[in-house]
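Reading the structure
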Amino acid sequence: MKRLVILGSTGSIGRQTLDVVRHLPNEFQVLGLAAGRNLSLLREQISEFRPSMVCCAEPAEQDGLLPRGVRFASLEEMVQDPRADLVVVANTGRIGLLPVLKALEQGKAVALANKEVIVMAGELVTKVARQHGGTILPIDSEPSAIWQCLQGEDRSISRVILTASGGAFRDRPIEELDKVTPEEALKHPTWKMGNKITVDSASLMNKAFEVIEVHWLFDIPWEKIEVVIHHQSVVHSMVEFADGSVKAQLSPPDMRLPIQYALLYPRRLPNECIPRLNTSVGSALTFQPLDTRRYPCFSLALEVGKRGGTYPAVLSAADEVAVELFLNRKIKFTDIPKVVEWVVEQYVPPAETTLETILAGDAWGRQRALEAVGVW
Ligand code: MG
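Criteria and thresholds
Starting afresh in each chain, residues are numbered from 1 along the sequence in its written order. Reporting of local features is limited, given that this is a predicted model, to residues whose pLDDT is at least 70; pairs of side-chain atoms are given and counted only at 80 or more, and all residues count toward the totals for whole chains, interfaces and linings. Side-chain measures were taken over the full set of non-hydrogen atoms in the model, leaving aside hydrogen atoms and water. Only DSSP runs of H or I with at least four residues qualify as helices, and only runs of E with at least two residues qualify as strands; both kinds are numbered from the N terminus onward. Computation of the radius of gyration draws on C-alpha atoms alone. For the globule rule, the value is 2.2 Å times the number of residues to the power 0.38. Each residue is placed in one exposure class: buried if its accessible area under a 1.4 Å probe, protein chains only, is under 20% of its type's maximum, exposed if it is over 50%, and partly exposed if it falls in between. Should any heavy atoms of two residues lie within 4.5 Å, those residues are counted as being in contact. Working definition of accessibility: Shrake-Rupley area with a 1.4 Å probe, residue cover restricted to the visible protein chains. By the counting scheme adopted, Arg and Lys are positive, Glu and Asp are negative, and His together with the chain ends is not counted. A charge is said to be at NZ when it belongs to Lys, at CZ for Arg, at CG for Asp and at CD for Glu. For two strands to be treated as a pair, DSSP must find no fewer than two bridges joining them. With water excluded from the atoms, a metal site may look incomplete; its donors are any N, O or S atoms within 2.8 Å, or within 3.2 Å for Na, K and Ca. Orient the strands so they point away from the viewer; a crossover is then right-handed if the path from the first strand over the helix to the second runs clockwise. Between the first and last residue of a helix there are one fewer steps than residues, each counted as 1.5 Å, and that sum is the expected span. Put simply, a salt bridge is a Lys or Arg side-chain nitrogen that is within 4 Å of an Asp or Glu carboxyl oxygen. Pairing of aromatic side chains here covers Phe, Tyr and the six-membered ring of Trp, requires ring centres within 6.5 Å, and sorts the geometry by plane angle: under 30 degrees stacked, over 60 edge-to-face, intermediate tilted. Whether a charge sits over a ring comes down to the Lys NZ or Arg CZ being within 6 Å of the ring centre and within 35 degrees of the ring normal.

We now examine the overall build of the protein chain. Secondary structure assignment for the protein chain yields 14 helices and twelve strands. Its C-alpha atoms give the protein chain a radius of gyration of 20 Å, near enough to 21 Å, the size a compact globule of 376 residues would have. With respect to the principal axes defined by its C-alpha atoms, the protein chain has extents near 60 × 50 × 40 Å. Here the protein chain holds 376 residues, and 56% of them are scored as buried. Long-range pairs, those at least 24 residues apart, make up 68% of the contacts in the protein chain with a sequence separation of at least 6. Counting every atom, the protein chain has about 16300 Å² of accessible surface; 50% of that belongs to carbon and sulfur. For the protein chain, the distance from the average position of its 41 positive side-chain charges to the average position of its 46 negative side-chain charges is 3 Å.

This part takes up the pairing of strand β9 (residues 225–229). Counting buried positions along β9 yields four of five residues, so the element is predominantly enclosed. Bridge count between strand β8 (residues 157–164) and β9: five bridges; the pairing is parallel. By the bridge assignment, T163 is partnered in β9 with V228. Note: β9 against strand β12 (residues 288–289), two bridges, orientation antiparallel. Bridge pairing in β12 links V228 to P289.

This part covers helix α8 (residues 195–203). Of all nine residues making up α8, seven are buried, and the element is well covered by its neighbours. Three or more residues of α8 are buried, namely K196, T198, V199, D200, S201, A202 and S203. On its buried face, α8 sits against α5 (115–132), α7 (182–185), α9 (205–218), α11 (296–307), α12 (311–327) and α13 (335–346). At the C-terminal side of α8, L204 shows a positive phi close to 70°.

What follows deals with the coordination of the magnesium ion. At 2.0 to 2.2 Å from the magnesium ion lie its protein donor atoms, namely D140 (OD), E142 (OE) and E210 (OE). Sequence spacing among the residues donating to the magnesium ion works out to D-x1-E-x67-E. Of this pair, D140 sits in the loop between β7 (135–138) and α6 (141–150) while E210 sits in helix α9; the two residues are 70 residues apart in sequence, bridging distant segments of the chain. This pair shows no difference in class: D140 is buried, exactly as E210 is.

Within strand β2 (residues 28–34), six of the seven residues are buried, which leaves it mostly tucked inside the rest of the structure. In this sheet, β2 lies alongside strand β1 (residues 2–7) in parallel orientation, the contact comprising six bridges. Looking at the pairing, V5 lines up with G32 of β2. At this point the chain moves from β1, through helix α1 (residues 12–23), to the parallel β2, and the crossover so formed is right-handed. As defined by bridge partners, β2 adjoins strand β3 (residues 53–55) across three bridges and the pair is classed as parallel. Following the sheet pairing, L33 is matched in β3 by V54. Once you follow β2 into helix α2 (residues 39–49) and on to β3, the crossover reads as right-handed.

To continue, consider α1. Under the 1.5 Å per step criterion, the end-to-end length of α1 is 17 Å for twelve residues, consistent within 8% with the ideal 16 Å. For α1, every residue scored as buried is listed here: I13, G14, Q16, T17, L18, D19, V20 and V21.

Below, the discussion takes up the sheet that holds β12. Here five strands make up an open sheet; going across it, the order is β11-β10-β8-β9-β12 and the pairing mixed. Each edge of the open sheet is held by one strand with a lone partner, namely β11 (246–250) and β12. Two elements, β8 and strand β10 (residues 235–241), share five bridges in a ladder whose sense is antiparallel. Within β10, the residue paired with L162 across the bridge is S237.

What follows deals with the pattern of salt bridges. Considering all chains together, one arrives at 30 salt bridges under this definition. Taking the shortest distance from any N to any O, the salt bridge between R3 and D85 comes out at 3.5 Å. Here R3 is found in strand β1, whereas its partner D85 is found in the loop between α3 (75–80) and β5 (86–89), with 82 residues between them in sequence. Judged by its relative accessible area of 31%, R3 falls in the partly exposed class. A salt bridge links R159 to E240; the shortest N-O distance between them is 3.1 Å. Here R159, found in strand β8, pairs with E240, found in strand β10; they are 81 residues apart in sequence, far enough to count as distant. R159 gets classed as partly exposed once you look at its relative accessible area, which sits at 25%. E240 gets classed as buried once you look at its relative accessible area, which sits at 16%. One network of salt bridges, in which partners are shared, links D19, R22, E48, D254 and R256.

Under the criterion given, the structure shown has seven aromatic pairs. Plain terms: the ring middles of W147 and Y261 are 4.8 Å apart, the flat faces sit at 80° to each other, and that makes the pair edge-to-face. With W147 in helix α6 and Y261 in helix α10 (residues 256–264), the pair connects residues that are 114 residues apart, well separated along the chain. Ring centres of Y311 and Y347 lie 5.4 Å apart, and the angle between their planes is 80°; on these two criteria the pair is classed as edge-to-face. A residue pair is termed long-range when its members are at least 10 positions apart, and Y311 in helix α12 and Y347 in the loop between α13 and α14 (355–371) qualify at 36 residues. By relative accessible area, Y311 is classed as buried at 14%. The rings of W147, Y261 and Y265 are connected pair by pair, giving a single aromatic cluster. The ring of Y311 carries the charged tip of R307 above its face, separated from the ring centre by 4.7 Å.

Shown next as structure tokens:
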């Protein structure tokens, strides 16, 4: 029985994590749940999974939320609890960073769906994991595919090929992209996900973040990571080895498989909630080169990611604000890369990369991005 702490339990990945848990009742026990403001769903989750600790926004005002025997705890307290075997980090953005570091400092296993944590602080997070014997288990489908392909192999990797669906606007004429609406951006062709990541998928910012993730998580040199457009989202990524053999991981686009893989690693178990690939109907798998003119965020983010230090924290922060501004109709979709570039180019990085300077870079990036509205 693995005891789980789940951060972001009411979000898309959190709900799917609990679905995996619900179908494997003999494998997991939920020790802690943390959510933001979706209290009605949190209440249902508490009564179904009976955690012993709960964290939510403004707990002082949540009289009557908790049944007897359940108590409020902070994120830090939850992830450091000696009873916790695995911490699932399914929230988004910078709020994931401190809990991830705290859990890793305790030598815990962290199943990480929050990619901003690795984008912001990949170097620091992987260093802390190494120093304290903590483990990072990726939940993102592409890094999970690479992780699965690497099982049983030595390190003779010649390249890693990440697949990208191309997002909501992959078939739109480029000259129409400055007129697209938030509603259109949120219609992903193959995946159902949270709003921020769906917009990041339309701009391919998300794919650049995954390249950064793969670089840090698997220690793969930048020049060995490639991206290919694959509309069906069935091949989740591929690894080519020194002899030219390519391994790929395939499954229908459903996050519950990579979630379960991280939760049960290294075991595999049947789970009726996870859909199977249907090979009895005719279907094609296609691969196309990436058109970087369509996706200016991709090259920009990758270049900033490679600069390293505190730059990626500024990148991630500026993107988070830019996506929010787009969703609130304050800027156009095509302004997202402009805001991010405008912010990053003004940044003067500090000499050292520490938790403090990463958080300062994040705060600076956020502030600057808000000031970008109306600059052009
Ligand atoms: Mg992904």
